[in-house]
Amino acid sequence: LKCPRPKKNHGGSRRAEMTVPYVHLLSAVRPNRYDVRFEFQKLGADDAFKGSLKADLDLLTQTRTVELHAKCIQVHSAVVMLQSGEKLQMSEAVVQDASESVLLTFPSAVGPGSVVLECDFTGSIRGPLSGLYHCDFNGIAGASTHFEPVYARYVFPCIDEPAAKAHFKISIVAPSALTVVSNMPEESSRCLEGVTEHVFAETPRMSSYLLGFAIGDFSVIQMEPGKSPVPMALYAQRGKEKMGQFALDIAAYSLDFFEKFFDQKFPLPKLDLVVPPAFPIGGMENWGIITLTDRALMDETASLRKRQGVANLVAHEVSHMWFGDLVTPSWWDDLWLKEGFASWVNLLPLDAKYPEWRVWDSWILSKLYGGSSKGGALEVDQYQATHPIEVAVNHPSEVQEIFDDLSYNKGSAVVNMLYHSLGHETFRKGLSEWLEKCKNSNSTTNELWGCLAAASGQPVAEMMTSWTQQMGFPVLEVTSSVCGEDWEISQQRFSLKHVKEEKRMKVNTWTIPVSFRHGDGGEGEGEERTLFSGCRTKIPRKGEWIKVNSGIRTPLRVCYSKELLQKIVKSGTALKAMDRVGLVNDTFALVRAGMLEPSVLMSLFESLLATERDPLACWNP
């Protein structure tokens, strides 16, 4: 919805006429604690609400102004209390359109140092996914929040940046007939005239976009005591709550799994799942109060595919309780890591709980190759017009543009590559050390690489930078050397649109962890690994053929010489199912790119797919 132009408020607010470039407000003001009280008399679309804020702030310089993020809300009055006890009343509030903020001006200078800012404000309930939005509970009005990436500022004044972590103390006044839930357990409540005030416990330090609450005609199911690390419940529209039992069970299993995997206890006293009737995306990892789409609700007749989709969604959001919430990216440049990691690590508990699902094979088909969705990492990244997964974000308005398949799918693919390169225990050790070092704070991609490098002794940053900071991915060309003693492997960027080398700005190379199997080993035997950088390398020949990228652990294509491909195909069942799928998918892509003749693909179809019996491998690229 288009935000209406605010009118001059009671405190003398006016709108700045000049636009200014975006500036990180955290460079001038550091929040420590927010105490926010909301009053809701009605919860219909566009209905107004009142709010009051008490914020403990550190001002880094002496100034007459305090700037906070605020959009589509009006600040009516403000007072700042100095350490001396002196109070200064706001003289005016100026709305800054370009920075989506309000500039509070005081009659004399304040700071540097700690101050307490108190203000009264009003706002309105908005459309979907932009702050506080209306929900219809079968004719009963309710509301829910969605603050990622920069929508907390639509609901209360704050420093709405991921690095501006603070404690939040939330109080909500709402109609007494409705249920109110938030990040933390309810500490107390008191009945007023037709409404109830709900006071919630103070949160640990966290980012503003992870704050959440929901108000509505909810019914609840609770996890049985002892079956989850902390008390857990699921809130859904009345009459639908029992359809959330599967989602709640997956959340409880995942929470317990991740406590062990990350070697970090879940730091909050409870975890709730909330399913409002209007939530158009899959889920949101508000710390302690995960929001889910109503597609997460199902009955006993739900298909296996439906169950798998819900399990993926729930485990993804639960993993964010550590990777994203406990440790949060310093800025949106590192969004890919938060989302890519969660899209990978959510498969670990599902594989442990449901090995028959073959979640890693399904991940290869859907998230790496794309299948029928055409959103796989190799599918979206094979065009010249792609972009690196690490993207500079210069303004919050750019953030939504990078919530795409590259962030999620290629991000998860390079994390999977790194995991297999370092090994399970080494990877887990480095990750656990990073979480312990950075918990309740912020971090960057490079800090994580540093912890993983320290745990492994490997050049993690060098390898990963080649995958995250440049576009595209490599194709490895594999041939036999002239003398026949080695396999020669060269790399170049793969693209559907052929670009002559002399027209390129530079030669693209990647530092590639390559797994391979020689033709004289049985299934699962004889696998070796090497780290390949530069344009060319050699591998000593140990058999009649070599399968490069065995297990499909690195997001790349492999182009074999015609003779070598024929020998690999003749090996038949010596290859695992996903390796056979990889041969077909790579060959199909190479034909599209003009690197192989169509007859090679047809021969491969005849030799492999005609006799394929694995239900996942019987797949059309």
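The structure reproduced in this document is the subject of the present report. (Residues numbered from 1 in each chain as written. Predicted model: local features only at pLDDT ≥ 70, side-chain atom pairs only at ≥ 80, totals over all residues. Heavy atoms only, no water.)

Some remarks on the packing of helix H1 (residues 245-262) against helix H8 (residues 424-438)
The line we're drawing: Axis geometry follows a simple rule: fit a line to the C-alpha atoms, using only the stretch in contact for helices, then measure angles between N-to-C directions, giving values from 0 to 180 degrees. Note on conventions: DSSP H or I runs of at least 4 residues are helices, E runs of at least 2 residues are strands, and numbering of each starts at the N terminus. Any angle that is under 35 degrees is reported as roughly parallel, and any over 145 degrees as roughly antiparallel; angles of 65 to 115 degrees are reported as roughly perpendicular and all others as oblique. For this analysis, residues touch if any pair of their heavy atoms sits within 4.5 Å. Under the scheme applied here, ten amino acids are nonpolar (Ala, Val, Leu, Ile, Met, Phe, Trp, Tyr, Cys and Pro), four are charged (Asp, Glu, Lys and Arg), and all others, including Gly, are polar.
Across the interface, H1 lies against H8 with an axial gap of 8 Å and an inter-helix angle of 90°. As summarised for this structure, H1 and H8 are arranged roughly perpendicular, according to the angle between their axes. Only His424, Arg428, Leu431, Ser432 and Leu435 of H8 make contact with H1, whose side of the interface consists of Lys260, Phe261 and Phe262. In terms of residue class, the contact of H1 with H8 is built from four nonpolar, two polar and two charged.

Brief notes about the pattern of salt bridges
Operational definition: Basic side-chain nitrogens of Lys or Arg form a salt bridge, by our definition, when they fall within 4 Å of a carboxyl oxygen of Asp or Glu. Buried residues are those whose accessible area, probed at 1.4 Å on protein chains only, stays under 20% of the maximum for their type, while exposed residues exceed 50% and partly exposed ones sit between those limits.
For the structure shown, the criterion picks out 27 salt bridges. Ionic pairing is found between Glu197 and Arg190, a salt bridge with its closest N-O pair at 2.6 Å. Note that Glu425 and Arg428 form a salt bridge whose closest N and O atoms lie 3.6 Å from each other. Within this pair, Glu425 and its partner Arg428 are both found in helix H8, separated by three residues, close to a single helical turn. By relative accessible area, Arg428 is classed as partly exposed at 22%. One connected set of salt bridges, linked through shared partners, spans Arg37, Glu39, Arg190 and Glu197.

A closer look at helix H2 (residues 304-319)
Given 3.6 residues per turn, any residue in an α-helix points the same way as the ones three and four places further on. Threshold: In a helix, the anticipated span is given by 1.5 Å times the number of residues less one.
Counted at 1.5 Å a residue, the expected span for H2 with its 16 residues is 22 Å, and the 22 Å between its end C-alpha atoms agrees. Buried residues along H2 sit in contact with H1, strand S20 (283-284), strand S21 (289-292), helix H3 (335-345), helix H4 (347-353) and helix H7 (405-422).

Regarding the nonpolar core
Keep this limit in mind: For our purposes a nonpolar core is just a set of buried Ala, Val, Leu, Ile, Met, Phe, Trp, Tyr and Cys residues, chained together by side-chain atoms within 4.5 Å.
In terms of nonpolar packing, the biggest core is built from 201 residues, with Tyr34, Phe38, Phe156, Ile172, Trp322 and Phe427 touching the most fellow members. Element by element, the count of residues in this core is highest for H1, at 10 residues. Non-local contacts of Trp322, meaning those with residues more than four positions away in its chain, are made with Leu255, Phe258, Glu259, Phe262, Gln264, Lys265, Phe266, Val327 and Leu435.

Here's the deal with the sheet that holds strand S25 (residues 486-493)
Counted only if it meets this: When DSSP finds two or more bridges between a pair of strands, those strands are recorded as paired.
Strand order in this open sheet of four strands is S28-S25-S24-S30, and the pairing throughout is mixed. At either margin of the open sheet sits one strand with a lone partner, and together these are strand S28 (536-540) and strand S30 (557-560). Neighbouring strand axes in the sheet, compared pairwise and without regard to direction, differ in orientation by 25° on average. Here S25 pairs with S28 via five bridges, running antiparallel.

Structural notes on the packing of H3 against H7
Cut-off, in case you're wondering: A crossing counts as left-handed when the near helix is turned anticlockwise from the far one by less than a right angle, and as right-handed when that turn is clockwise.
Their axes nearest at 7 Å, the elements H3 and H7 cross at an angle of 70°. Taken as axis vectors, H3 and H7 run roughly perpendicular relative to one another. Helix-helix and strand crossings are classified by hand; for H3 and H7 the assignment is right-handed. Counted together, Trp336, Glu339, Gly340, Phe341, Ser343 and Trp344 of H3 and Ser407, Tyr408, Gly411, Ser412, Val414, Val415, Asn416 and Tyr419 of H7 form the full contact between these two elements. A per-class count over the contact of H3 with H7 returns seven nonpolar, six polar and one charged.

Considerations on the sheet that holds strand S3 (residues 48-59)
For sheets, the rule is that strands pair by backbone hydrogen bonds, running either parallel or antiparallel. Spatial strand order, S6-S5-S9-S3-S2-S12-S15-S14: eight strands in an open sheet with mixed pairing. In this open sheet, the two strands that pair with only one neighbour each are strand S6 (87-89) and strand S14 (186-191). In this sheet, adjacent strand axes meet at a mean angle of 15° when their direction is disregarded. Across 10 bridges, the pairing between strand S2 (residues 29-39) and S3 is antiparallel. When the sheet's bridge partners are listed, Tyr34 is paired in S3 with Ala55.

Some details on the packing of aromatic side chains
Stated formally: Whether two aromatic rings pair depends on their centres lying within 6.5 Å, for rings of Phe, Tyr and Trp, where Trp uses its six-membered ring; planes under 30 degrees apart make the pair stacked, over 60 edge-to-face, and the rest tilted. Charge-over-ring contacts are defined here by two conditions on Lys NZ or Arg CZ: a distance within 6 Å of the ring centre and an angle within 35 degrees of the ring normal.
Taken as a whole and judged by the stated rule, the model has 34 aromatic pairs. With 5.4 Å between their ring centres and 25° between their planes, Phe258 and Phe262 make a pair best called stacked. Taken together, the residues span about one helical turn, with Phe258 and Phe262 both in helix H1 at a distance of four residues. Judged by its relative accessible area of 0%, Phe258 falls in the buried class. Here the aromatic rings of Phe323 and Phe341 are separated by 3.8 Å at their centres, their planes lie at 10°, and the arrangement is stacked. Note that Phe323 is positioned in the loop between H2 and strand S22 (327-329) and Phe341 in helix H3, a separation of 18 residues in sequence. Over the ring of Tyr253 we find Lys353; its NZ or CZ atom is 4.8 Å from the centre of that ring.

Everything listed here is a matter of coordinates, which is why it stays silent on function.
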